[in-house]
Amino acid sequence: MPNRRQFLAGSAAALALAALPGAPAAAAPRAARRAPNIVLILADDLGYGELGAYGQKKITTPRIDALAAQGLRFTQAYSAAAVCAPSRCSLLTGLHSGHAAVRQNPFAGDEGQGRLREGDTTFAEVLRTRGYRTGCIGKWGFGPDLADQPSHPNSRGFEEFYGYINHGHAHEYYPDHLWRNAEWSPIPENADGAEGAFAADLIERRALDFLDDHADKPFLLFLTPTLPHFPNVIPDKDMGAYAGTTWGKPEKAHAAQITRLDTLVGNVTDRLKSLGIEQDTLVLVTSDNGPHEEGGPEGPVNPDFFDANGPLRGYKRNLHEGGVRVPLIAWQPGTIAAGVTDRPTPQLDLLPTFAELAGAPAPGDLDGTSVAPLLSGVATAPNPHLYWMRNDPYSGRLSEQVDRNRGKRLAEAVRRGDLKAIRFAPARDRSAPDSQWALELYDIAQDPGETKDIAAANPAAVAELTALMRSSWADSYLREPYGVRLAGTTLAVPGRIFTVDTSFGNASASAWAGPEVRLVVPTGWQARATTPSTASSLAGGGSFTVTWEVTPPSTLRVGAAATLRAEATATFGGGALAFGDTRTVTAVASLPQPPAADAYMSDLTWVSAVNAWGPVERDASNGKQAAGDGSPISLSGTVYAKGLGVHARSDVLFHLGGRAKRLTAHVGIDDFSARQSDAGAVRARVLGDGVPLFDSGTLTAAGGPKRVDVDVTGVFALRLLVEDANGNGAYDHTSWADAGITV
């Protein structure tokens, strides 16, 4: 199973750490000291006006307010989206929601949303190249909820992870488990619905441990507590003075959540001071979008009670300022002077800023720009424009009022200079003609509360900003390769040579000197480069590929998995860079020929099959029919030409050899099984080289089949899995109907 993870080989890590003080000229303000540690604290649904430093009167936040008074307070900082998942994706990758991989919160039943991909370079991956130790603690917010897949934090540059992987799990303040890297980590105090361990306490404890563990070397801590997201719950011990107020219960809990967040921030800065590294550490506090109006056991919170959006119009899910303008405070004693900046600053700017501070090369295909000079008091030009997109199936009472009952329509916004345009599609169709969109235009400098729509008086500006919104969206945004990638088969026959490719890409604007690529294989394996693995330099935007012949030992046990590791090094600005990637290869007895033309899965010879029959029944317990016999199958009254029948748990593995493009099918409990009983329930998944491509969720006969249509371009090993979804082990006969491969 492949698992791309940026890593550092021991010798390369030592080189990178030793070279950190030699940052390029762009990072000159820190030339006399080591590159700064970075602690980025991301609150969840904290409104612009919910901190004392931004005008809050009812909620106490003394520790964050102190950081704001001592550091740099941004008055026009922006999240990249009005809801969690796309905002966090853009923050991590430096791409706005017209280019980023995650552009909306996951819809129910929509498996295609809410995940990062191979090649979605995060700021953690960039800092790893310079020897930083990296940790993500708290809410990640993307699915799937699985280890060893491209959207897992460990695969996106964070060597240490503790928290929630996916969007839905992060709604629990008393979860029965969290993830510790690739391991499911039970929380016994919360078993069987108990509320013995508040997640924020666990997250804080692990964050402080991370600081203790890495105080002697450059580190990045991405600390993402779920406070103050709904539900509006808090332990009694943290209710404090709010317990005695006459406020509603949701408001009491919400205020206490924010003060608990403030305590967490204070405890982090106290730990930095006790370790003596506060002057070497940049601390940033911000939020992923505007304030929520959502509920919990005691009902919804009223953000207006706290004036949670301050002087701004809008809430979470609105593209008006209240939905996307957020607090941002930067604190680093001895480096950042006390002050306030009104530079419009999107969170997209964090990745290039971190790269400049660390002396690392940032990818050149970003939408953000570095504000590192601003942190040292040097004026920094604003971004050419800011862009947002909103496509969300939910809306609240207040956010719907702001959007004038258009809250469930696709919407987008752009800010250029002081002018900001917001427009709403007629539904969710972004291809609708411009004339069918409703557009509003505001002068943010004169009217930050967006009270006066000036679109009618400014037709030229409307036309220009409409064109800018159109050009900011790309149906797919192909990233330039950054770092080393390991590609090729994930199946190997003992004793038989196979080939893999390593590509080393420089997506930055500057050349890297002395690039070298190595392939590390397990003991007993052999690897030989058949093309050059070094070069004198690697130009900005350039790449080169190395092909390797790999020979596993003939004694390798069938079913055993082995990890191949690509390592790449280069020099940038006088400092060492180190990159890495891994790929898991599984031993099989033999490899059938991959498909040469479009075919039903039932016409292909499988690599292995567990609990499958019908077309893959050859040499199985249910008979010895030849491949290609796939009999018709009925799902919810529709008869399909061929069915690949399985019983939960089943696992059918095919060899595609990287030649196929798409897999299409319908999967569900067949009508014959349904007539016996309605008790069957299964979950079907498709994995390509170990990467999740499709997840049906729970399937029942009453619910009908699910359509499968997934991209399998470049996939070598395709697995079709079906698992029992209700534990009764009966009436789970399932079919992949008309399952076909397009070549």
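See the structure printed just above.
This structure is a prediction, so every number in the text was calculated from the model and none was measured.

Caption draft 1: Fine view of the environment of Tyr 173. By secondary structure assignment, the location of Tyr 173 is in the loop between strand E4 (160-164) and strand E5 (177-180). Here Tyr 173 falls in the buried class, since its relative accessible area comes to 3%. In contact with Tyr 173, other than residues within four places in its own chain, are Tyr 164, Ala 197, Phe 198, Ala 199, Thr 226, Leu 227, Pro 228, His 229, Phe 230, Pro 231, Val 233 and Gln 257. Here His 229 takes part through its backbone oxygen, which lies 2.7 Å from a polar atom of the side chain of Tyr 173.

Caption draft 2: Just the pattern of salt bridges, in detail. By the definition in use, this model includes 44 salt bridges. With a closest N to O distance of 2.7 Å, Glu 159 and Arg 133 form a salt bridge. In this pair, Glu 159 sits in the loop between strand E3 (133-139) and E4 while Arg 133 sits in strand E3, placing the two residues 26 residues apart along the sequence. Close ionic contact of Asp 651 with Arg 719 constitutes a salt bridge, the shortest N to O distance being 2.6 Å. Placement of Asp 651 in strand E29 (residues 643-655) and of Arg 719 in strand E34 (residues 717-724) is noted, with a sequence separation of 68 residues between them.

Caption draft 3: Molecular detail of the packing of aromatic side chains. A full pass over the atoms with the stated rule returns 23 aromatic pairs. Here the aromatic rings of Phe 123 and Phe 158 are separated by 6.4 Å at their centres, their planes lie at 85°, and the arrangement is edge-to-face. Of this pair, Phe 123 sits in helix H4 (residues 123-128) while Phe 158 sits in the loop between E3 and E4; the two residues are 35 residues apart in sequence, bridging distant segments of the chain. The pair Phe 123 / Phe 158 is uniform in exposure class, with both members buried. When the centroid spacing of 6.0 Å and the interplanar angle of 90° are considered together, the rings of Tyr 482 and Trp 512 count as edge-to-face. Here Trp 512 lies in strand E19 (residues 512-520) and Tyr 482 lies in the loop between helix H11 (459-472) and strand E16 (483-488), a separation of 30 residues in the sequence. The same class applies to Tyr 482 as to Trp 512, namely buried. Connected via pairs of aromatic rings, a cluster forms that spans Phe 123, Trp 140, Phe 142, Phe 158, Phe 222 and Phe 354. One cation-aromatic arrangement involves Arg 73 over Tyr 54; the distance from NZ or CZ to the ring centre is 5.2 Å.

Caption draft 4: The packing of helix H2 (residues 62-70) against helix H6 (residues 249-274), seen in detail. Two elements in contact, H2 and H6, have axes separated by 7 Å at closest approach and are oriented at 55°. Considering the angle they form, H2 stands oblique to H6. Contacts between H2 and H6 pair Pro 62, Arg 63, Ile 64 and Leu 67 from the former with Asp 262, Val 265, Gly 266, Thr 269 and Asp 270 from the latter.

Caption draft 5: Just H11, in detail. With 14 residues, H11 ought to run about 20 Å at 1.5 Å a step, and its terminal C-alpha atoms sit 20 Å apart, in line with that. Of all the positions in H11, only Ala 461, Val 462, Leu 465, Thr 466, Leu 468, Met 469 and Ser 472 are classed as buried. On an axial view of H11, the arc spanned by its buried residues comes to 160°, and they lie on one face. Along H11, exposed side chains directed more than 90 degrees from the buried face belong to Pro 459, Ala 460 and Ser 471. In this structure, the buried residues of H11 make contact with strand E12 (386-390), strand E13 (411-416), strand E14 (419-424) and strand E15 (438-443).

What counts, and where the lines are drawn
- Residues numbered from 1 in each chain as written.
- Predicted model: local features only at pLDDT ≥ 70, side-chain atom pairs only at ≥ 80, totals over all residues.
- Heavy atoms only, no water.
- Helix = DSSP H or I, 4+ residues; strand = E, 2+ residues; numbered from the N terminus.
- Buried < 20%, exposed > 50% of the residue type's maximum accessible area, 1.4 Å probe, protein only.
- Contact = heavy atoms within 4.5 Å.
- Polar contact = N/O pair within 3.5 Å; in protein donor to acceptor, adjacent residues only side chain to side chain.
- Salt bridge = Lys/Arg side-chain N within 4 Å of Asp/Glu carboxyl O.
- Phe/Tyr/Trp six-rings, centres within 6.5 Å; stacked < 30°, edge-to-face > 60°.
- Lys NZ or Arg CZ within 6 Å of the ring centre and 35° of its normal.
- Axes fitted to C-alpha atoms, helices over the stretch in contact; angles between N-to-C directions.
- Parallel < 35°, antiparallel > 145°, perpendicular 65-115°, else oblique.
- Expected span 1.5 Å × (residues − 1).
- Arc of directions from axis to C-beta.

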